[in-house]
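# Survey of secondary and tertiary structure
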Amino acid sequence: DVKDVITHIKGAQESRSCIRFRCSLTNTILDVLRQRPSWVEAKEDGEWDFYWCDVAWLRENFDHTYMDEHVRICHFRNHYELTRKNLMVKNLKRYRKLLEREAGRMEAAKFDFYPSTFELPFEYHLFVEEFKRNPGSTWIMKPVARSQGKGIFLFRKLKDIMDWKKDGNRFEDQKDEIQVESYVAQRYIENPYLIGGRKFDLRVYVLVTSYTPLKAWLYRDGFARFSNTRFSLSSIDDNYVHLTNVAIQKTAPDYDPEKGCKWQMQQLRRYLIAKHGADIVEILFRDMDAIFVRSLQSVQKVIINDKHCFELYGYDILLDEQLKPWLIEVNASPSLTASSLEDYDLKCRLLEDTLHVVDMEGRLSGKEKQVGGFDLMWNDGPVYTDDSDYRTNTHLGCMNDRNKQLKQLFKCSPGQKKL
Amino acid sequence: MDEGTELSSTIAQIVHKLSGSQLHFQMERQAKECLNHPSVQLETLKEDVKQYLRKSGWEKKLQNAVYQELNMIHTSGNPIAPPEHIKEPLTYMRKAQASWEKRILKSLNSMCTELSIPLSRKRPINEQKELLTKWNEMGTDEPDLSHFRPVYAPKDFLEVLINLRNPNFDNSDQPSATSHWGLIQVPLRVKDLSELREFFSELSLGYGQLGIEESSQVPQDIFENEHARIGRKVLADQDSAAAEQYIRQGSPTELRAELWGLILNVTSDPEDIMYYEQLTTSVIQHDLLVDNLFYKDVKLTASNDDYYFVFEDFLYQVLLCFSRDTTVLEHFKYNSATPPKSYIRGNLGIEEFAVVYPPNGVIPFHGFSMYVAPLCFLYNEPPRLYSVFREMYMRYFFRLHSISSSSSGIVSLCLQFETLLQTHLPQLFYHLHEISAQPLRIAFKWMVRVFSGYLATDQLLLLWDRILGYNSLEIIAVLAAAVFAFRAENLMEVTSLAAAEAVLADLSTLKVIPLLQIFLFATVT
């Protein structure tokens, strides 16, 4: 019947001219997706072209979900190789050994950007050796699988972690657990860089669109999260066990108790330049670039590459007094809930630009080095800025000229790709 | 009075000011020490000593000190002018300032009586010890400040300025297009746009600037590299006059702390550090009522600010010392204000028992701590931070809350703002005037705080660069007018003061230098 044919063609055309998305979250990302022109929310059980999923869904469904070539999803199947604390360290250590064999000590030595970490109870004895080599040192215990800062505590004496001894007993507070929960013990950085007497860490966003070959983008915006209390090691003696607010202030990533506890990355960069001069700060930011790239390289062979996948990582970096950056953690699902209007704007920009890079609309040529606030950091090799062949193409904490840049970019874009 | 007399009286003034200063003693000591140097011969002693001092950089330091003094002299240097005249030449302004001071002091005294807290008391030993341990984190203290109110807020001060009248000036003409529509009704001379263009000539489009993204004249990054190179040279030469000229085009971020130090001639000698230590000791030993006012102010303003909350502790360390620093009393010689006097208990009115209160003579008001906050971005050693703040206060900030005829005084700035607006944006001004949304009511708080807390930090620092470079606060009046010009379209749509406030509530995205350039050089006259 002609009518049926026409309806069918119309239906097919509709689905080709707009992008159907699904989204597990109800925060900023949903707003951004809804506001994107020609993107519509997929029907309840209908087909979708794009899914901003949560890791739980991924774990359960990825392996038996068929996806057309054009479909995109926001996680890699085994991202946890990078984002679970114990696996990240394992991969970093392994890669370091490999590098030592292949490129020598010097190259491997550059992998000292993460604090000494041991998985417990698995590596308990190795840990004790290191512990004894550094008398008086402070260590931080973090549960491997939990997030939001739960279960983190500091310790200085072995007796506080007796439960994680290799042949350890049942952990008292968790009678439900069949065995002791896997933790990592990490060397606590006792001389963090302070501003106004307060400790802070940095949240940086890295977007990976492919692991083989490795293609990674660095966002210009980010922020420094300040602790509410003045930093002091002495408070650890009094109440070190099970206390997260004094010790590390890294409470839930979603939980931002006070407006104003954050500085934009640009503000931080300017502050550091005013204090230490541009050269030293340039070195610092180069060192951070190295952290991002090397951490991704260390899991490159392990992560199952899939052209459908991309991932936006939230890197947590801590600076010490010598302005050396340390990698604390990588998050596969960085919080997208906004703590303030400024934060909301930042996350909107970030997510809009992420979608620009993923480019479901087919507007990019593939040769771009900047898309909105993202700078191409690594493309199967280092990426340099246009005007020099030694300055890498990253601008963390620099001015985000995305409005102008996007206008220019899409002004001369090829036509819409047919889906 | 001819130029010759004026010059020699200026010289005499400066010599008088500098003799007995720290620099004088240092140079004397240096001169004595250099007698051992082989280049100094007895026969040509005077010349050799001079030559030695010249070579070892002391001439430069003396030059900077003289330049600093010259910057501070604003009057005609008439040798027979009485001291009040140097403070403020216009009698009616002096009278207005005196009565305003009476009000403030009354308010302070009554708060003191109400709360039964002495203006000053010596701390018991255990309290002193406690404060000493908490010195670097006074912000963690949460004293009960609910009963304290700021002594006054900028808007109270604005009301006083609005009612300021020159008794010799008869303005009985009917209001017309030529009369002044604004709130300030005193006939002070302010620069018009063409004079401002000349005064701020280095801001014109022909000069490179820091604070703009692109220039049609010179590629911005080439300018920035060259400018930074010149900046380093200026710092190496330690020439404060050159630095002042240089900074008119803005300061590179990494050189700013040193440049400001050079221009303000702030030293970091052991004597300065020791003096600061003495101030901290006096904070520890004595508790002043105004301390609570500072606490409250910091908690209400800086601690709530996205950028400055981090520096809370520094603010206490600076402000509490500031209020005990009697060297600040020096600035009352050229400030129309007079330090408030209080009397030791039971001796009211007896001059021998009169003390200046607080010791530095400055009573804080709501928002005062915002003068210090941006400086924390540049200096993190308290002694230096303190010295720079004190110098900034004694050169500029005091003019923003005393009634005077100075061209950098708040009265002139308000008048300048209103005049610029009325002359170049008459339609806007008239509209706002008709809906009872006088522009000054919105712009006043920006100017009193030198835009601190309203602009983004980097923009604020670029603005303050120009204040130092031109040794004048007039730029903030121009900026205030430029902001109104920038948002004129939206402002024409509003129908109430509240709506106008809303349009101008958020200045954090403004780029100061382009705004100033457009207003100064692109406005059609």
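As recorded in an unreviewed UniProt entry, chain B goes by the name TBC1 domain family, member 19, listed as coming from Erpetoichthys calabaricus.

As recorded by an unreviewed UniProt entry, chain A carries the name Tubulin--tyrosine ligase-like protein 9 and is attributed to Erpetoichthys calabaricus. For chain A, the Sequence similarities (unreviewed entry) comment in UniProt is given as "Belongs to the tubulin--tyrosine ligase family."

The secondary structure content of chain A amounts to 12 helices and 16 strands. The buried share among the 419 residues of chain A stands at 54%. Excluding contacts between residues fewer than 6 apart, the proportion of contacts in chain A whose partners are at least 24 apart in sequence is 69%.

The subject of this paragraph is empty space enclosed by the protein. Under the criterion given, the structure shown has five cavities of 30 Å³ or more. Approximately 80 Å³ is the volume found for the largest cavity. Forming the walls of the largest cavity are B:Arg149, B:Pro150, B:Val151, B:Leu293, B:Lys296, B:Asp297, B:Leu300, B:Pro364, B:Phe365 and B:His366. Estimated volume of the second largest cavity: approximately 40 Å³. Forming the walls of the second largest cavity are A:Arg269, A:Glu282, A:Phe285, A:Arg286, A:Asp289, A:Thr394, A:His395 and A:Leu396. Counting residues per element, the lining of the second largest cavity draws most heavily on helix H10 (residues 278-300) of chain A, at four residues. For the lining of the second largest cavity, the per-class residue count stands at two nonpolar, two polar and four charged.

Residues and elements named next belong to chain A. With respect to the helices, strands and loops of the structure, Glu-329 is situated in strand S14 (residues 325-331). Residue Glu-329 is classed as buried on the basis of its relative accessible area of 8%. Within the structure, the side chain of Glu-329 is placed 2.8 Å from the side chain of Lys-85, a separation counted as a polar contact.

It is common to give the size of an interface as the accessible area that goes away when the parts come together. Contacts between the two partners involve 22 residues from chain A and, on the opposite side, 22 residues from chain B. Buried surface at the junction of chain A and chain B, both sides included, amounts to about 2000 Å², of which 53% is carbon and sulfur. Seen at the junction of chain A and chain B, the total is two salt bridges. In this structure, the salt-bridge partner of A:Arg270 is B:Asp458, at a minimum N-O distance of 3.6 Å. Joining chain A to chain B, the criterion identifies five residue pairs in polar contact (both at pLDDT 80 or more). Looking at the side of chain A that touches chain B residue by residue, the classes come out as nine nonpolar, four polar and nine charged.

Quick look at the domain arrangement of chain B now. Residue and element names in this part refer to chain B. Taken domain by domain, chain B holds domain 1 (3-80), domain 2 (89-153 + 267-393) and domain 3 (176-223 + 232-247 + 399-521). Between domain 1 and domain 2, the contact holds six residues from the first and six residues from the second. Applying the counting criterion to the domain 1 and domain 2 interface returns one residue pair in polar contact (both at pLDDT 80 or more). Per element, the largest residue contribution to the side of domain 1 that touches domain 2 is three residues, and it comes from helix H2 (residues 22-33).

Once that is clear, we can look at the pattern of salt bridges. Tallied over the entire structure, the rule returns 50 salt bridges over all chains. In this structure, A:Arg133 engages A:Glu130 in a salt bridge whose closest nitrogen and oxygen atoms are separated by 2.8 Å. Taken together, the residues span about one helical turn, with A:Arg133 and A:Glu130 both in helix H7 (residues 124-133) at a distance of three residues. Judged by relative accessible area, which is 16%, A:Glu130 ranks as buried. Note that B:Lys233 is salt-bridged to B:Asp237, the shortest N-O span being 3.7 Å. Highlighted residues: B:Lys233 and B:Asp237, both in helix H10 (residues 220-237), separated by four residues, approximately one helical turn. In this structure B:Asp237 comes out as partly exposed when scored by relative accessible area, which is 40%. Salt bridges sharing common partners tie together B:Arg121, B:Arg123, B:Glu127, B:Asp287, B:Asp291 and B:Arg324.

Below, the discussion takes up the environment of B:Ser452. All names here are of chain B. Mapped onto the elements, Ser-452 comes out in the loop between helix H19 (439-448) and helix H20 (457-470). Measuring from C-alpha to C-alpha, the distance between Ser-452 and Ala-373 comes to 8.0 Å, with 79 residues separating the pair along the chain. Non-local contacts of Ser-452, meaning those with residues more than four positions away in its chain, are made with Tyr-308, Met-370, Pro-374, Leu-460 and Trp-464. In terms of polar contacts, Ser-452 uses its side chain to reach the backbone carbonyl oxygen of Met-370, at 2.7 Å.

For the rest of this paragraph, the subject is the sheet that holds strand S7 (residues 153-155) of chain A. Residues and elements named next belong to chain A. Strand order in the open sheet formed by four strands is S5-S8-S6-S7, and the pairing between neighbours is antiparallel. The open sheet terminates on both sides in strands that have one partner only, identified here as strand S5 (117-120) and S7. Neighbour to neighbour, the strand axes of the sheet diverge by 30° on average, direction disregarded. Where strand S6 (residues 139-143) meets strand S8 (residues 183-187), five bridges bridge the pair, whose relative direction is antiparallel. Its bridge partner lying in S8, Lys-142 is registered against Val-184. Against the sheet, helix H5 (residues 85-103) touches S5, S6 and S8, its axis set at about 130° to S5. Packing against the sheet, H7 makes contact with S5, S6, S7 and S8, and its axis sits at approximately 140° to S5.

The residue B:Arg256 is located in helix H12 (residues 256-263) in this model. Contacts of B:Arg256, omitting those with residues within four sequence positions, involve B:Ser251, B:Leu378, B:Tyr379, B:Leu461, B:Leu462 and B:Asp465.

A separate point is the sheet that holds strand S3 (residues 50-52) of chain A. Residues and elements named next belong to chain A. In spatial order, the strands read S2-S1-S3-S4; together these four strands make up an open sheet with parallel pairing. The sheet is open, and its two borders are formed by strand S2 (39-41) and strand S4 (72-73), each paired with just one other strand. As judged from the three bridges shared by strand S1 (residues 19-23) and S3, these two strands associate in the parallel manner. Counterpart to Phe-21 in the pairing with S3 is Phe-50. Against the sheet, helix H2 (residues 28-35) touches S1, S2 and S3, its axis set at about 170° to S1.

Attention now goes to H10(B). Residues and elements named next belong to chain B. Compared with the 26 Å implied by 1.5 Å per residue over 18 residues, the 26 Å span of H10 between its first and last C-alpha is a close match. Turning to H10, its buried residues are Gln-220, Phe-223, His-227, Ala-228, Gly-231, Val-234 and Leu-235. An end-on view of H10 places all buried positions within 130° of arc, on one side of the element. Away from the buried face of H10 by more than 90 degrees, exposed residues Ile-222, Asn-225, Lys-233 and Ala-236 are located. Packed against the buried residues of H10 are helix H11 (240-246) and H12. Note on H10: the residue one or two positions beyond its end, Gln-238, has a positive phi of about 55°.

So, on to the nonpolar core. In this structure, A:Phe50, A:Trp263, B:Trp446 and B:Phe484 are the most contacted members of the largest nonpolar core, which totals 256 residues. In terms of residue count, helix H21 (residues 474-486) of chain B provides more of this core than any other element does, 10 residues in total. If sequence neighbours within four positions are ignored, A:Phe50 has contacts with A:Ile19, A:Arg20, A:Phe21, A:Arg22, A:Leu33, A:Trp39, A:Arg72, A:Phe310, A:Leu355, A:Val358 and A:Met360. Judged by nonpolar contacts, the second largest core, of 14 residues, contains A:Phe118, A:Met141, A:Phe155 and A:Ala185.

All names here are of chain B. On inspection of all chains with the given rule, the structure shows 60 aromatic pairs over all chains. Between the aromatic rings of Trp-260 and Trp-464, the centroid separation amounts to 6.3 Å while the plane-to-plane angle is 25°, which identifies the pairing as stacked. Placement of the pair is Trp-260 in helix H12 and Trp-464 in helix H20, with a sequence separation of 204 residues. Trp-464 shares its class with Trp-260; the two are buried. An angle of 75° between the planes, with centres 5.3 Å apart, marks the rings of Phe-368 and Tyr-371 as edge-to-face. For the pair formed by Phe-368 and Tyr-371, the shared burial category is buried. A cation sits over an aromatic face here: Lys-61 above Trp-58, 4.1 Å from the ring centre.

Definitions and cut-offs
Throughout, residues of each chain are indexed from 1 in the direction in which the sequence is written. Chain letters start at A and ligand numbers start at 1, both assigned in the order the entries are written. Predicted model: local features are reported for residues with pLDDT of at least 70 only, side-chain atom pairs are reported and counted for 80 or more only, and whole-chain, interface and lining totals are derived from all residues. Note that the side-chain values use all heavy atoms of the structure and ignore hydrogens as well as water. UniProt positions are given in the numbering used here, feature names are shortened, and annotations may be inferred rather than shown by experiment. Secondary structure counts use DSSP, requiring at least four H or I residues in a row for a helix and at least two E residues in a row for a strand, with both numbered from the N terminus. Think of it in three bands: residues with accessible area under 20% of the maximum for their type are buried, residues over 50% are exposed, and the middle band is partly exposed, with areas taken using a 1.4 Å probe on protein chains only. What makes two residues a contact is simply this: any of their non-hydrogen atoms within 4.5 Å. In this analysis the probe radius is 1.4 Å and the grid spacing 1 Å, with only protein atoms considered; a cavity is a set of points the probe fits into but cannot get out of, a pocket is an open set with protein on both sides within 12 Å along at least five of seven lines, and lining residues have an atom within 4 Å of a point. Grid points are joined across faces, edges and corners, and a volume is the space filled by probe spheres set on the points. The nonpolar class holds Ala, Val, Leu, Ile, Met, Phe, Trp, Tyr, Cys and Pro. Asp, Glu, Lys and Arg form the charged class, and all remaining residues, Gly among them, are polar. Pairing of N or O atoms within 3.5 Å defines a polar contact, subject to two protein rules: one partner must be a possible hydrogen donor and the other a possible acceptor, and residues neighboring in sequence count only if both atoms are side-chain atoms. Note on definitions: buried area is the accessible-area loss of two parts on being combined, 1.4 Å probe, summed for both. What makes a salt bridge here is a side-chain nitrogen of Lys or Arg within 4 Å of a carboxyl oxygen of Asp or Glu, nothing more. An automatic or database domain assignment provides the domain bounds reported here. Two strands are said to pair when DSSP picks up at least two bridges between them. To get an axis, a line is fitted to the C-alpha atoms, and for a helix only the part in contact is used. The angle between two axes follows their N-to-C directions and goes from 0 to 180 degrees. Expected span, for any helix, means 1.5 Å times one less than how many residues it has. This arc corresponds to the set of directions leading from the helix axis out to the C-beta atoms. In this description, a nonpolar core means a group of buried Ala, Val, Leu, Ile, Met, Phe, Trp, Tyr and Cys residues linked to one another through side-chain atoms lying within 4.5 Å. What counts as a ring pair is set by centres within 6.5 Å for rings of Phe, Tyr and Trp (its six-membered ring), and what kind of pair is set by the plane angle: stacked under 30 degrees, edge-to-face over 60, tilted for all other angles. Counted as over-ring charges are cases with an Arg CZ or a Lys NZ within 6 Å of the ring centre that also lie within 35 degrees of the ring normal.

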